[in-house]
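Structural overview
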Amino acid sequence: MTRFLPRTAPPIRAGGLVAATALLLAAAPHTVASAAPTAAAPVVALGGPAETALHPYAEGGDGPKRSTARITVTGADDTAYEGEFTVTFDLTGAAGVADVAFEPEAGIECAATAPGSATCTGHGISPGRSTVTDLLLTAAKGSEQGDTGTVRITGEAEGTAFTPFTTEVTVGGPDLVMHRLPFDHEPVPGQKQQAPITFTNRGSRAADGVVLTLRHSRGLDIPQRYSNCAYTTDEAWTTARCTVEGAFEAGATYTLAAPLTLKTTDRAYRDIFGYGIHEAGAGAGTVRGATAARAARGPAGGSDDVLRAVPAPRPMAARALDLEPGDNEHEADFRTENTADFVAYGDTASGQAGATVTARLGFRNDGPAWIGHLRSGESVAAVDFTVPQGATVTSAPEGCRGVSAEGTALPTGWTGPAPRYVCPTPATVRDGGGLDLAFGLRIDKVLLGAVGRVVVRGPELRAAGLPFDPEPGNNTARVVLNGESGGPSPAPSDGPGDGASGTPGSATPTPTPGGAGAGGTVAPGAVPNTATGNGGSLAATGSPTAMAASGLAVTALTAGLALFTAARRRRRA
């Protein structure tokens, strides 16, 4: 987005901006347009947190603590708006609840325009989401716990419609703080560690129910299962969300009656465990009640055990988001001494001159470990395929790039087929999974026993080794065209040629009049590759960035654990 030079606007007293804010949640925009747009006018959406919680006003010291609500504008996906725009803030609904100042994005100017009103102006709205300004919110003098107000935000630009946005602010709220656990971060396969989840409410009011969330990557496991927890599992992560009803008092510390067990499995290598605590209803995806949890739990290890907590004397009616959401959760990284055997496989085929055959090649992970670059999202490995002599690649899997015979980049503007192809893996490769690739090869000249080379190696040529692989001897296989017998050559013994099935692949000749891909260009019909896992396949286009690791969807307290008060101190309002 093209911006004016930044200028910080002076603080604006809204009289009371209140906040109950979920800084992680973007509010759904209303469908009201400004400034009489035409039917064809592009629409941009204003957004931000639905609620923001404010620390209660306190005299003396450094003054009241400040909360932040980031206000954004989301432009059309394919069109940039080049003109000037104005965003107007109606602060009258927050009078007496919050004081508001602005911290605009570079190139945006914000200033008060009238009592209870302010505007921010800028030039250009890029496709996608960008920041307009941060609202800096503090509880107004004279405000009280539970006071609530609203800030209404509208926008205007020539030929463009804005959907307005309203954010709510509330004085006071819980402040749930998750304690960090002292794990052994270099466990061995089979090792079990206790996870006594503990949290404190440092806020100004009780939390009305909590959701404990646990998330762990594939090399870890929590054996306990609870009926009021919802469990989800994907290629890399398992997440549990456990809803515990009751009131969790301000000033009190709670822990599980029985600690969870975090087990390092035989497939562990580089893994992550995340654990967090939020007020029930304050975040997306929470599970209300045991029935909903059981419905989402799935087949993995059911239990009738339920998370229980010691009830507080009284739940408060006010609902707010956390005062300091940054301390609600932690993550722990684990490095396990383990290995994964990547086994390359190739293929055989035969055909007459001018025929096009399909060669299936790749590798499988014989484990025991799964390998994932969860933090960086970089490829785990690459399949390096040298094309047999006398053949030309007519189609290559998406994401595979042609290189020179030496493995270096081809000259700028190169459009023809290449003598060698490098295909990166996704950022995760499961035990039992791998990468299955299909290349179209046109036989230009029949050469008996023409051999191509398949190597599974590190993602960079200069670092071709696989540090986790104890058997580099099986990282290489062959693609053989027109074996000496006149038919397909025996399949290489290095590995399967048919992906997850483990059976040698066979290439079926497809006569192609004139030769597919004639004229030295790669045929447009690329064959997608897949990275297979246990019992199925992962979508994998072969693009080095398309398979980034899934995000950590936190979750999970393993329940059945009754929460009990470890320490309690009451805070008087």
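Refer to the structure presented above.
To start, this report covers the structure provided alongside it. (Residues numbered from 1 in each chain as written. Predicted model: local features only at pLDDT ≥ 70, side-chain atom pairs only at ≥ 80, totals over all residues. Heavy atoms only, no water.)

**Some details on the overall build of the chain**
Scanning the chain from terminus to terminus reveals one helix and 39 strands. In the chain, buried positions account for 51% of the 573 residues. Taking as baseline every contact in the chain between residues at least 6 positions apart, the subset at least 24 positions apart corresponds to 85%. Surface summary for the chain: the accessible area is close to 24,500 Å², and the carbon and sulfur share equals 52%. (Helix = DSSP H or I, 4+ residues; strand = E, 2+ residues; numbered from the N terminus. Buried < 20%, exposed > 50% of the residue type's maximum accessible area, 1.4 Å probe, protein only. Contact = heavy atoms within 4.5 Å. Areas by Shrake-Rupley, 256 points an atom, 1.4 Å probe, with all protein chains shown as cover.)

**Looking at the sheet that holds strand β13 (residues 192–195)**
Reading across from one edge, β13-β20-β16 is the order of the three strands in this open sheet, with antiparallel pairing throughout. Looking at which strands have only one partner, the edges of the open sheet turn out to be β13 and β16 (220–221). Sheet topology places β13 next to strand β20 (residues 260–264); four bridges connect them, and they run antiparallel. Within β20, the position partnered with lysine 192 by the bridge is lysine 263. (Pairing = 2+ DSSP bridges.)

**Here we look at the pairing of strand β23 (residues 329–335)**
What you see with β23 is a clean split: His330, Ala332 and Phe334 sit on the buried side and Glu329, Glu331, Asp333 and Arg335 on the side with no burial. The sheet contact formed by strand β21 (residues 270–279) and β23 spans seven bridges and is antiparallel. Across the sheet, residue phenylalanine 273 finds its bridge partner in β23, namely alanine 332.

**Digging into the nonpolar core**
Counting residues in each nonpolar core, the largest one holds 37 residues, and the members touching the most others are Phe342, Phe439 and Leu441. At the level of secondary structure, the elements contributing two or more residues to this core comprise β24 (340–345), β26 (355–368), β28 (382–386), β29 (391–395), β31 (420–424), β33 (434–443), β34 (450–457) and β35 (476–481). Residue contributions to this core peak at five residues, all from β33. Apart from the residues lying within four places of it in its own chain, the contact partners of leucine 441 are Ala355, Thr356, Val357, Ala359, Phe385, Val387, Pro388, Thr392, Val393, Thr394, Val479 and Leu481. Membership of the second largest hydrophobic core comes to 32 residues, among which are Leu46, Ala94, Cys110 and Ile125. (Core = buried A, V, L, I, M, F, W, Y, C linked by side-chain atoms within 4.5 Å.)

**Examining the state of the cysteines**
Note on terminology: a disulfide is the covalent bond linking the sulfur atoms of two cysteines. In the structure shown here, the tally under the stated rule is three disulfides. Between the sulfur atoms of cysteine 110 and its disulfide mate cysteine 120 the distance is 1.9 Å. Classification of the bridge connecting cysteine 110 and cysteine 120 rests on its S-S torsion, roughly 110°, and on that basis the disulfide is right-handed. Of this pair, cysteine 110 sits in strand β6 (residues 109–114) while cysteine 120 is found in strand β7 (residues 117–125), placing the two residues ten residues apart along the sequence. The disulfide partner of cysteine 400 is cysteine 423, and the gap between their sulfur atoms is 2.0 Å. The sign of the S-S torsion, about 115°, decides the handedness of the disulfide formed by cysteine 400 and cysteine 423: right-handed. (Disulfide = S-S within 2.5 Å.)

**Considerations on the packing of aromatic side chains**
The full count for this structure, using the stated rule, is 13 aromatic pairs. Centre to centre, the rings of phenylalanine 183 and tyrosine 275 are 6.4 Å apart; their planes meet at 80°, and the pair counts as edge-to-face. Residue phenylalanine 183 is located in the loop between β12 (176–178) and β13, and its partner tyrosine 275 is located in strand β21; the two are separated by 92 residues in the primary sequence. Across the pair, tyrosine 275 and phenylalanine 183 agree in class, each one buried. Pairing tyrosine 269 with phenylalanine 468 gives two aromatic rings, centres 5.9 Å apart and planes at 75°, and the pair type is edge-to-face. Remark: phenylalanine 468 occurs in the loop between β34 and β35 and tyrosine 269 occurs in the loop between β20 and β21; sequence separation between them is 199 residues. (Phe/Tyr/Trp six-rings, centres within 6.5 Å; stacked < 30°, edge-to-face > 60°.)

**With respect to the environment of alanine 477**
Within the secondary structure, alanine 477 sits in strand β35. For alanine 477, a relative accessible area of 2% translates into the label buried. Residues alanine 477 and valine 454 lie 23 residues apart in sequence; the distance between their C-alpha atoms is 5.0 Å.

**Points about the sheet that holds strand β9 (residues 148–157)**
The strands making up a sheet are joined through hydrogen bonds of the backbone, oriented either antiparallel or parallel. Strand order in the open sheet made by the six strands is β2-β11-β9-β4-β7-β6, with mixed pairing throughout. Two strands lie at the open edges of the sheet, namely β2 (51–54) and β6, each paired on one side alone. Along the sheet, successive strands turn relative to each other by an average axial angle of 25°, direction set aside. (Axes fitted to C-alpha atoms, helices over the stretch in contact; angles between N-to-C directions.)

**Describing the environment of glycine 172**
Along the polypeptide, glycine 172 turns up in the loop between β11 (165–171) and β12. Counting along the chain gives 33 residues from glycine 172 to alanine 139, while the straight-line C-alpha distance between them is 8.9 Å.

**A look at the pattern of salt bridges**
According to the stated counting rule, one finds twelve salt bridges in the structure shown. Where aspartate 366 meets arginine 364, a salt bridge forms, and the shortest distance between an N and an O atom there is 2.5 Å. A relative accessible area of 41% means that aspartate 366 is categorised as partly exposed. On the basis of relative accessible area, arginine 364 is assigned to the partly exposed category, the value being 26%. We note a salt bridge from glutamate 460 to arginine 462, for which the minimum N-O separation is 3.8 Å. One salt-bridge network, in which partners are shared between bridges, spans Arg215, Glu331, Asp333 and Arg375. (Salt bridge = Lys/Arg side-chain N within 4 Å of Asp/Glu carboxyl O.)

**Thoughts on the side chain of aspartate 469**
By the secondary structure assignment, aspartate 469 is in the loop between β34 and β35. The side chain of aspartate 469 sits in the buried core without any salt bridge; arginine 364 is the nearest counter-charge, 11 Å away. Among the polar contacts listed, one links the side chain of aspartate 469 to the backbone nitrogen of phenylalanine 342, at a separation of 3.1 Å. Other than its neighbours up to four places away in sequence, aspartate 469 contacts Ala340, Asp341, Phe342 and Asn475. (Lys, Arg positive; Asp, Glu negative; His and termini not counted. Polar contact = N/O pair within 3.5 Å; in protein donor to acceptor, adjacent residues only side chain to side chain.)

**Some thoughts on unusual backbone geometry**
In this structure, the amide linkage connecting glycine 367 to the following residue, proline 368, adopts the cis form with an omega of 10°. Here proline 368 shows up in strand β26. One non-glycine residue, asparagine 482, adopts positive backbone phi at about 55°. Along the chain, asparagine 482 turns up in the loop between β35 and β36 (510–511).

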